[in-house]
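# Commentary on secondary and tertiary structure
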Amino acid sequence: MSYTSTNSDQNIIHIQDRSYYLVPTSDCLITSTVLQAKTKNDLLAAVPYALEEELTEPVESLHFAVGEVSSLGVNPVIVVSKQNMQKWTGALADNVDVILPDVLALPWKKSTWSVVIDKDRALVRTGLHEGFECDVRQLKVQLQLFQKHKTKPVKLNVWLPQSKQKLDIPNNIAETIQGYQYKKSFRDWLAASANPIQDLNLLSGEFGSKSTTT
């Protein structure tokens, strides 16, 4: 379940001078790799094969977006099927600047994780280029598994719709846990609260403009 509707405009948020088309995180693989390349084209050519063990589909059927390398030499990567990209770009107006998994638009700052509940799904942003989606019923287990490989956050912010009063999460997942409720729809809340990344965009490469997908 997501806030996606038959009207693609409902997936678009506007922040300052950019328009973001947000797609379901469940349709995306958010990952990273460490590669050295002389040019961006060399990097883009190498990334699919560096990630091959993580992929469940042939490289040729997938689209890869690569962000700016971090100070640790890590390249953030988003992977989606070309079929989904064709569907998304086919529904877009020409004025959309960025296509992004919705979890990477959640509020985020250093040492703080964000959890937002939208109907029966949970979105969890754990870093600038990190996050995941799961069923609400699996959230506690997924947080416990994820935390085994990550530094404990100082704070965990949790947003619930008015229809949900509490959430089962580990008490020790963060030093401080703060709960909030949003009054309107998830999409309206996100449009007002979004803090999207700036260096990753699925609207790139062969999908760099709508005209390339016809």
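In short, a report on the structure.

The rules we used
- Residues numbered from 1 in each chain as written.
- Predicted model: local features only at pLDDT ≥ 70, side-chain atom pairs only at ≥ 80, totals over all residues.
- Heavy atoms only, no water.
- Helix = DSSP H or I, 4+ residues; strand = E, 2+ residues; numbered from the N terminus.
- Rg over C-alpha atoms; globule rule 2.2 N^0.38 Å.
- Buried < 20%, exposed > 50% of the residue type's maximum accessible area, 1.4 Å probe, protein only.
- Phe/Tyr/Trp six-rings, centres within 6.5 Å; stacked < 30°, edge-to-face > 60°.
- Salt bridge = Lys/Arg side-chain N within 4 Å of Asp/Glu carboxyl O.
- Contact = heavy atoms within 4.5 Å.
- Core = buried A, V, L, I, M, F, W, Y, C linked by side-chain atoms within 4.5 Å.
- Pairing = 2+ DSSP bridges.
- Axes fitted to C-alpha atoms, helices over the stretch in contact; angles between N-to-C directions.
- Arc of directions from axis to C-beta.
- Disulfide = S-S within 2.5 Å.

What follows covers the overall build of the protein. A count of helical and extended segments in the protein gives four helices and eleven strands. Relative to its length of 214 residues, the protein is compact, with a C-alpha radius of gyration of 17 Å against a globular reference of 17 Å. With the C-alpha coordinates aligned to their principal axes, the bounding extent of the protein is approximately 45 × 40 × 30 Å. Counting over 214 residues, the protein shows a buried share of 47%.

Attention shifts here to the packing of aromatic side chains. With the rule as written, the count across this model stands at six aromatic pairs. Clustering of aromatic rings is evident, with ring pairs tying together W159, Y180, Y182, F186 and W189.

Another aspect to go through is the pattern of salt bridges. If charged atoms from side chains of opposite charge come close, those side chains can pair. Under the criterion given, the structure shown has eight salt bridges. For D118, the salt bridge is made with R121, and the minimal N-O distance between the two is 3.0 Å. A single burial state applies to D118 and to R121, both of which are buried. In this structure, the salt-bridge partner of D135 is R137, at a minimum N-O distance of 3.0 Å. Its relative accessible area of 25% is what places D135 among the partly exposed residues. Salt bridges sharing common partners tie together D102, D118, R121 and E133.

Inspection of the secondary structure puts S19 in strand β2 (residues 18-23). Beyond its immediate sequence surroundings of up to four residues, S19 is in contact with I12, I13, H14, N95, V96, D97 and V98.

Time to look at the nonpolar core. Formed by 35 residues in total, the largest nonpolar core has its most connected members in W88, I99 and L202. Elements represented by at least two residues in this core include exactly β1 (12-15), β2, β5 (75-81), α2 (82-90), β6 (98-101) and α4 (186-193). The element that contributes the greatest number of residues to this core is β2, accounting for four residues. Beyond its immediate chain neighbours, meaning those up to four positions away, I99 contacts Y21, V23, M85, W88, T89, L92, N201, L202 and L203.

For strand β10 (residues 155-161), a buried count of six out of seven residues is recorded, marking the element as mostly surrounded by other parts of the structure. By the bridge criterion, seven bridges tie β10 to strand β11 (residues 176-182) in an arrangement that is parallel. Its bridge partner being in β11, L156 is matched across the sheet by I177.

The sheet built from three strands is open, its strands ordered β1-β2-β6 with mixed pairing. Looking at the sheet topology across the chains shown, the edges are occupied by β1 and β6. In this sheet, neighbouring strand axes are inclined to one another by 35° on average, regardless of whether the strands run parallel or antiparallel. By the bridge criterion, four bridges tie β1 to β2 in an arrangement that is antiparallel. Each bridged residue has a counterpart across the sheet, and for H14 the counterpart in β2 is S19.

Taken together, the buried positions of α2 are N84, M85, W88 and T89. Along the long axis of α2, the arc covered by the buried residues comes to 125°, so they all point the same way. Opposite the packed face of α2, turned more than 90 degrees from it, sit the exposed residues Q83, K87 and G90. The inward-facing, buried residues of α2 contact β2, β4 (62-66), β5 and β6.

With the rule as written, the count across this model stands at zero disulfides. C134 provides the cysteine sulfur closest to C28, a residue in no disulfide bond, and the two sulfurs are 15 Å apart. On the basis of relative accessibility, which here comes to 14%, the residue C28 falls in the buried class.

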